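So you can see what is in the structure, the chains are spelled out below.
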Amino acid sequence: MEALRFTTEDAVSLEGDLHPPEGPAHGSAAICRPHPRQGGSKDHPLLWTIRGELTRVGLFVLAFNFRGVMGSGGSYGGGRAEVRDAAAAVGRVRETSGGPTLLCGWTFGANVALREAVVVNGPRAGALEVFAGLNSPALLRTLGGDDGAILRQFIPWPFTGTPTAFMAGRHVRLEAGWPPDLEDANIKLSDLGRHPAGDGRWLVGRNERGNVLTAGLNDDTPHWLVSGTTGSGKTTALVSAVAQLARDPANRIILIDAKHGKDFRHLAHLQDLCGPLADDVDSARAALTWACHEMAARYSGGQDTRRLIIVVDEVQELTDDPLTLAALRKLIAQGRGASIHCMIATQHPTADALGDRTIGKNLVGRLALRVIGPEASRVAVGSKTPRADYLLGHGDGYACAPTATHRVQIALFDGDLSLGDPGLAEWPEANGDLPERASDFGGDELAISLVVAAEDKGRPALQKMCEEDGLGKPGGGRAARLLQLGRDMRTWLVINDYCLPARQPDTHPAGYEIAPNGKVLSVCLPSGQAGSL
Ligand SMILES: Nc1ncnc2c1ncn2[C@@H]1O[C@H](COP(=O)(O)OP(=O)(O)OP(=O)(O)O)[C@@H](O)[C@H]1O
Ligand SMILES: [Mg+2]
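Residues numbered from 1 in each chain as written. Chains lettered and ligands numbered in written order. Predicted model: local features only at pLDDT ≥ 70, side-chain atom pairs only at ≥ 80, totals over all residues. Heavy atoms only, no water.

1. So, the side chain of Asp-313
Consideration 1: With respect to the helices and strands, the residue Asp-313 is situated in strand 11 (residues 307–313).
Consideration 2: Put simply, Asp-313 is tucked away with no salt bridge, and the nearest opposite charge, on Lys-234, sits 5.8 Å away.
Consideration 3: Side chain to side chain, Asp-313 and Thr-235 meet in a polar contact 2.7 Å long.
Consideration 4: Residues within four places of Asp-313 in sequence aside, it is in contact with Thr-235, Leu-238, Ile-256, Asp-257, Ala-258, Phe-264 and Ala-345. (Helix = DSSP H or I, 4+ residues; strand = E, 2+ residues; numbered from the N terminus. Buried < 20%, exposed > 50% of the residue type's maximum accessible area, 1.4 Å probe, protein only. Lys, Arg positive; Asp, Glu negative; His and termini not counted. Salt bridge = Lys/Arg side-chain N within 4 Å of Asp/Glu carboxyl O. Polar contact = N/O pair within 3.5 Å; in protein donor to acceptor, adjacent residues only side chain to side chain. Contact = heavy atoms within 4.5 Å.)

2. Some details on the pattern of salt bridges
Consideration 1: The full count for this structure, using the stated rule, is 16 salt bridges.
Consideration 2: Note that Glu-9 is salt-bridged to Arg-84, the shortest N-O span being 3.3 Å. In this pair, Glu-9 sits in the loop between strand 1 (2–7) and strand 2 (13–19) while Arg-84 sits in helix 2 (residues 82–94), placing the two residues 75 residues apart along the sequence.
Consideration 3: Ionic pairing is found between Asp-304 and Arg-298, a salt bridge with its closest N-O pair at 3.8 Å.
Consideration 4: What makes Asp-304 partly exposed here is its relative accessible area of 22%.
Consideration 5: A relative accessible area of 10% places Arg-298 in the buried class.
Consideration 6: In this structure, a network of salt bridges that share partners links the residues Glu-9, Asp-10, Arg-67, Arg-84 and Asp-85.

3. Looking at the nonpolar core
Consideration 1: With 33 residues, the main nonpolar core has Ile-254, Ile-256, Ile-310, Leu-331 and Ile-344 as its most contacted residues.
Consideration 2: Among the secondary structure elements, those contributing two or more residues to this core are strand 10 (251–257), helix 7 (281–299), strand 11, helix 8 (322–334) and strand 12 (340–346).
Consideration 3: Here this core takes eight residues from helix 7, the largest share from any one element.
Consideration 4: Excluding its chain neighbours within four sequence positions, the residues that come into contact with Ile-256 are Phe-264, Leu-277, Ala-278, Ala-284, Ala-287, Leu-288, Ile-310, Val-311, Val-312, Asp-313 and Leu-318. (Core = buried A, V, L, I, M, F, W, Y, C linked by side-chain atoms within 4.5 Å.)

4. Brief notes about the site of ligand 1
Consideration 1: Lining the immediate environment of ligand 1, one finds 17 residues, of which Ala-185, Thr-230, Lys-234, Thr-235 and Thr-236 sit closest.
Consideration 2: In this structure, Gly-233 approaches ligand 1 through a main-chain N or O atom, which is 3.0 Å from an oxygen atom.
Consideration 3: In the model, a nitrogen atom of ligand 1 is placed 2.8 Å from a nitrogen or oxygen of the Ile-410 main chain.
Consideration 4: Looking at the shell around ligand 1, the elements that each hand over two or more residues are helix 6 (234–245) and strand 15 (404–410).
Consideration 5: Its residues assigned to classes, the shell around ligand 1 shows three nonpolar, 12 polar and two charged. (Near = heavy atom within 4 Å. Nonpolar A, V, L, I, M, F, W, Y, C, P; charged D, E, K, R; others polar.)

5. Points about empty space enclosed by the protein
Consideration 1: Throughout the structure, instances matching the rule amount to two cavities of 30 Å³ or more.
Consideration 2: In this structure, the largest cavity spans a volume of roughly 50 Å³.
Consideration 3: For the largest cavity, the full set of lining residues is Trp-202, Leu-203, Val-204, Val-226, Ala-237, Ser-240, Ala-241, Met-343, Leu-367 and Ile-410.
Consideration 4: Secondary structure elements with two or more residues in the lining of the largest cavity: strand 7 (201–207) and helix 6.
Consideration 5: Partitioned by chemical class, the residues of the lining of the largest cavity number nine nonpolar, one polar and no charged. (1 Å grid on protein atoms, 1.4 Å probe; cavity = no way out; pocket = protein on both sides within 12 Å on 5 of 7 lines; lining within 4 Å. Points joined across faces, edges and corners; volume = space filled by probe spheres on them.)

6. Some words on the pairing of strand 9 (residues 224–227)
Consideration 1: Across the two faces of strand 9 the burial is the same, with Trp-224 and Val-226 and Leu-225 and Ser-227 all buried.
Consideration 2: Bridging between strand 9 and strand 13 (residues 365–368) involves four bridges; their strand directions are parallel. What sits directly across from Val-226, in strand 13, is Leu-367. (Pairing = 2+ DSSP bridges.)

7. Some thoughts on the side chain of Thr-235
Consideration 1: Topologically, Thr-235 is positioned in helix 6.
Consideration 2: Ignoring sequence-local partners within four residues, the contact set of Thr-235 consists of Asp-263, Phe-264 and Asp-313.

8. A closer look at the sheet that holds strand 12
Consideration 1: Read from one edge of the open sheet, nine strands run 8-7-15-14-13-9-12-11-10, paired in mixed fashion. Every interior strand has two partners, whereas the edge strands, strand 8 (212–216) and strand 10, have only one. Each strand axis lies, on average, 25 degrees off the axis of its neighbour in the sheet, ignoring direction.
Consideration 2: Pairing of strand 13 with strand 14 (residues 396–401) involves three bridges; the strand directions are antiparallel. From the neighbouring strand, Ala-368 faces strand 14, where its bridge partner is Tyr-398. (Axes fitted to C-alpha atoms, helices over the stretch in contact; angles between N-to-C directions.)

9. As for the packing of aromatic side chains
Consideration 1: Under the criterion given, the structure shown has four aromatic pairs.
Consideration 2: A network of ring pairs unites the aromatic residues Phe-6, Phe-64 and Phe-66 as a single cluster. (Phe/Tyr/Trp six-rings, centres within 6.5 Å; stacked < 30°, edge-to-face > 60°.)

10. Some details on unusual backbone geometry
Consideration 1: Even without a glycine there, the phi angle at Ala-11 is positive, about 65 degrees.
Consideration 2: Inspection of the secondary structure puts Ala-11 in the loop between strand 1 and strand 2.
Consideration 3: The exposed category is assigned to Ala-11, whose relative accessible area is 62%.

11. Considerations on helix 2
Consideration 1: Between its first and last C-alpha, helix 2 extends 18 Å over 13 residues, near the 18 Å set by a 1.5 Å rise per residue.
Consideration 2: Here helix 2 has its buried residues at Glu-82, Val-83, Asp-85, Ala-86, Ala-88, Ala-89, Val-90, Arg-92 and Val-93. (Expected span 1.5 Å × (residues − 1).)

12. Considerations on the environment of Trp-224
Consideration 1: Summarising the element assignment, Trp-224 is placed in strand 9.
Consideration 2: Considered as a pair, Trp-224 and Leu-367 are 143 residues apart in the sequence and their alpha carbons are 7.1 Å apart.

13. What about the confidence of the model for the chain?
Consideration 1: The share of residues in the chain with pLDDT of 70 or more is 72%, and the mean pLDDT across the chain is 76.
Consideration 2: Contacts for the low-pLDDT stretch residues 506–520, under 50 throughout, to residues beyond four places or in other chains number 50 contacts. (pLDDT = per-residue confidence, 0-100.)

14. Brief notes about the environment of Gly-261
Consideration 1: With respect to the element layout, Gly-261 can be found in the loop between strand 10 and helix 7.
Consideration 2: Taking the C-alpha atoms as reference points, Gly-261 and Asp-279, separated by 18 residues in sequence, lie 4.5 Å from one another.
Consideration 3: Once you skip the residues sitting within four places of it in the chain, Gly-261 turns out to touch Leu-277 and Asp-279.

15. Points about the packing of helix 11 (residues 443–454) against helix 12 (residues 459–468)
Consideration 1: Between helix 11 and helix 12, whose axes approach to 10 Å, the crossing angle comes to 140 degrees. The orientation of helix 11 with respect to helix 12, classified from their angle, is oblique. At the point where helix 11 passes helix 12, the crossing takes the right-handed sense. Where helix 11 approaches helix 12, its residues Ile-448, Ser-449, Val-451 and Val-452 are matched on the opposing element by Ala-461, Leu-462, Met-465 and Cys-466.
Consideration 2: When its residues are assigned to classes, the contact of helix 11 with helix 12 shows seven nonpolar, one polar and no charged. (Parallel < 35°, antiparallel > 145°, perpendicular 65-115°, else oblique. Left-handed = near helix turned anticlockwise from the far one by under 90°.)

16. Concerning helix 10 (residues 374–381)
Consideration 1: Looking at helix 10, one finds that the buried residues are Ala-376, Ser-377, Ala-380 and Val-381. Down the axis of helix 10, the smallest arc covering the buried residues is 120 degrees, so these residues share one side.
Consideration 2: Among the structural elements, strand 9, strand 13 and strand 14 are those in contact with the buried residues of helix 10.
Consideration 3: Of the residues one or two after helix 10, Gly-382 is the one with positive phi, at around 90 degrees. (Arc of directions from axis to C-beta.)

Structural data, given as structure tokens:
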């Protein structure tokens, strides 16, 4: 990509970026962006997609900002002066290559492009064909009122490329359905080639261009949310992923299906399962609590470095149980550093059904299958577009990672399962205690907890002190866990011959003096009301 500037007939300097074709050049194209005043953004994924398609079919592509927008000079010209911008862009991009020039735009940009094309004379341009998205009945059916997308495509004559290039763009494709040659909804995993080796990756299916799509449990997407209405293909997608992940000896798997485990039953003897298939709330709670203890062991230097993958189908069945929810929240929030990853599926992608907003926030990878309505789509996809409520069902989905979004048809697992016996015959009974780590709390809270424990005070004193020090009043459960940590710390100090003299509230830094063998350690409380330890 080359950033460049060029000048219009009326001497306005515009900024743009020029993208070379992926292969030999057959022509050029300019993209007129939507105007920010019209609610458009220069970085809309639709435009990237169009740009990608155009470079792929062998065009130099100039994407530019109209006058008055971002780094371009001049000021807004009411859509009339902008025609000159489009003309200048066409002139500039035609310097890069012979062959036809495509001028395209979206919303405001489309109107400008349309007018520019109308005023162009001579053999270099002619309105060979227009695809006006909204004129197509299929698009009209699927576009929601808030989409407001107008797509016009002007193809200067003669043009030998593929005029349907735009329709292959993922956002346009979203609305237009799969191209006929890709609408096969029964893609077999075995037809996609070899399983990706290691790194927590699995083959998801084919994307809109027919390419094989791989996803991973990695730093970008440590955890995945799989959403879709009933029958959309969630379990099918999970089974396909799990069957592949189980082939890697670096993975261990926990399977939870709180709705009786019916759909996971055939995976119950999958190789490298940590324990039995958890098929109700009690066993799910036990399995997740076990995983929390495993996480704590790993953080305290445990030896097992294998990836622990927790797969939960129908998670909405579990989130009413506070302990299960707490365990899940903890694993999702803190698992990554301990190589613990979660794949969570739900029929009801709403913040409430997930039990907790932080859960949704930490599920960075999204596999959105067909959902009902724009709100569910928003949670499923993690953003307003693309719209998962326009998907076709039966494994038609979006795979969304922070770096890319792909339309994908999920592949059906058709291989042999690698079987073995679960590591544990039964999940240890969950006694309600989730292991706490000091890093769950801030340093200020820990300092307070130690002071309160040293003074043999209880939870109310701890809550009061946190509140007075501007840390907010911790809830009962959190305060109890914090106090326990403070007591553990005190015990450790005492065992190790540290003494805890009385606090002197008015000294600064005030606090405790701990003098092991003449050494003084210091712990500061947030307000400075207690200091040396
Ligand atoms: N990737 C796919 N390719 C082709 N067909 C699929 C695919 N995924 C699902 N289907 C079809 O849809 C049906 C339902 O799929 P699945 O059981 O995975 O849906 P679900 O979202 O888990 O539904 P529920 O919420 O009821 O459990 C399957 O039996 C199959 O016929
Ligand atoms: Mg299911």
